[in-house]
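Examining the three-dimensional arrangement
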Amino acid sequence: MDSKTMNVMIIIVLTLVFILVPMIMKKVVWKKLLVQLSNEQYDEFYKTLDTGACKFSYQAFNREYMRLSGYLAQRNDAKIEEQFELLKNMRISNKQKASVATRGFYYYLEKGKIKKAEGMLSYGKSYIDEKTFKNMQIQFSILMKKEAKYIDDCKEILNGMWDGKSELDNNKKFPVGTIQYLIGLQYSYLKDVAHGVLLWLTGEEVAAPRAPDRANQPGPGELSYNLLQIFIGNLLPLGHIPQRNCRAMAVKGHIQHEAERITAFRGNFHAHPYLF
């Protein structure tokens, strides 16, 4: 074998090494993170994020966003607050800023913290796409400010999801019911109980057990839990979202998309799958 052929082979081998080794390493780290998260081994999870292999495989923003997901799974509010501030102060892309703003908005919406949620809206206004931002404004208005300004908008979203006549499959019942509930909630603010009972599916009310009234309205966190599940549904099939325990699924979704593909209520809620 002449030297020229040898040099070509060496180049080929080195090229394969440089391509394959990072791919394998990333896959190994990824699998380790998922196992630790699934087993709620949070200390080990955070240690893995700080290893050289993880730093080599994932950029700083992605690692810190994964860390945020761990804090969210633990419901460690103090750490979550710190992590949001850290992420907001990093030098990141506009797409990543939109991701942080969207996740922060839903977190504070669930907590019922109106000023913090409004702050995330303000932070993300220049980075979140127009349709997503409008949907977030609608939720903020209804759940936090208890306004009834978006009845027609919600009906338009609902009409885009369902014709009101055909039978819905299980994947659509939950998001349709949630939008119906948002409409009913707004009518309750207007004390228009008659319109609060909206639509029925196969003889059963979808939106809520009964029309919401002023004495029986959920707090922002209660309804935002449902909205957050739809948010998660942009990454995960809606039919596979646990109805009252989506925390682990949410965290996995955030990591899998490395914090860059999260879009709240994509396609007016019916784009599938989700969202994070």
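On a predicted model such as this, the values are computed, not experimentally measured, just so you know. (Residues numbered from 1 in each chain as written. Predicted model: local features only at pLDDT ≥ 70, side-chain atom pairs only at ≥ 80, totals over all residues. Heavy atoms only, no water.)

**Describing the overall build of the chain**
Helix and strand counts for the chain stand at 12 helices and 2 strands. Each helix and strand of the chain, ordered N terminal to C terminal, gives the series α-α-α-α-α-α-α-α-α-α-β-β-α-α. Burial status across the chain gives 45% buried among its 276 residues. For the chain, the exposed surface amounts to about 14,400 Å²; the carbon and sulfur share of it is 53%. (Helix = DSSP H or I, 4+ residues; strand = E, 2+ residues; numbered from the N terminus. Buried < 20%, exposed > 50% of the residue type's maximum accessible area, 1.4 Å probe, protein only. Areas by Shrake-Rupley, 256 points an atom, 1.4 Å probe, with all protein chains shown as cover.)

**Let's talk about the side chain of Glu 81**
Position of Glu 81 relative to the elements: it lies in helix H5 (residues 77–88). Using a relative accessible area of 17% as the deciding quantity, one classes Glu 81 as buried. With sequence-adjacent residues up to four places away left out, Glu 81 is seen in contact with Tyr 108, Lys 113 and Lys 116. (Contact = heavy atoms within 4.5 Å.)

**Points about unusual backbone geometry**
Located in the positive-phi region is Lys 146, a residue other than glycine, with phi close to 55°. By the element assignment, Lys 146 lies in the loop between helix H8 (130–144) and helix H9 (151–161). For Lys 146, a relative accessible area of 38% translates into the label partly exposed. Notably, Lys 191 is not glycine yet its phi reads approximately 60°, a positive angle.

**Digging into the pattern of salt bridges**
Within this structure, the stated rule accounts for 11 salt bridges. Here Glu 64 and Arg 67 are joined by a salt bridge, their closest N and O atoms 3.0 Å apart. With Glu 64 and Arg 67 both in helix H4 (residues 60–74) and 3 residues apart, the pair spans about one turn of that helix. This pair shows no difference in class: Glu 64 is buried, exactly as Arg 67 is. (Salt bridge = Lys/Arg side-chain N within 4 Å of Asp/Glu carboxyl O.)

**What to know about the packing of aromatic side chains**
Throughout the structure, instances matching the rule amount to 8 aromatic pairs. Look at Phe 84 and Tyr 107: their rings are 5.8 Å apart centre to centre, the planes differ by 45°, and that puts the pair in the tilted class. Of this pair, Phe 84 sits in helix H5 while Tyr 107 sits in helix H6 (residues 94–111), and the two are 23 residues apart along the sequence. Judged by its relative accessible area of 0%, Phe 84 is buried. For the pair Phe 84 and Tyr 108, a centre-to-centre distance of 5.9 Å together with 40° between the ring planes defines the contact as tilted. Separated by 24 residues along the polypeptide, Phe 84 in helix H5 and Tyr 108 in helix H6 bring together distant segments of the chain. Judged by relative accessible area, Tyr 108 falls into the buried class, the value being 2%. Grouped by ring-pair contacts, the aromatic residues Phe 45, Tyr 46 and Tyr 71 constitute a single cluster. It is Lys 88 that lies over the ring of Tyr 123; its NZ or CZ is 5.4 Å from the centre. (Phe/Tyr/Trp six-rings, centres within 6.5 Å; stacked < 30°, edge-to-face > 60°. Lys NZ or Arg CZ within 6 Å of the ring centre and 35° of its normal.)

**Remarks on the side chain of Ser 141**
Summarising the element assignment, Ser 141 is placed in helix H8. Ser 141 sits in the buried class, given a relative accessible area of 2%. Apart from residues no more than four positions distant in its own chain, Ser 141 is found in contact with Lys 146, Glu 147, Lys 149 and Tyr 150.

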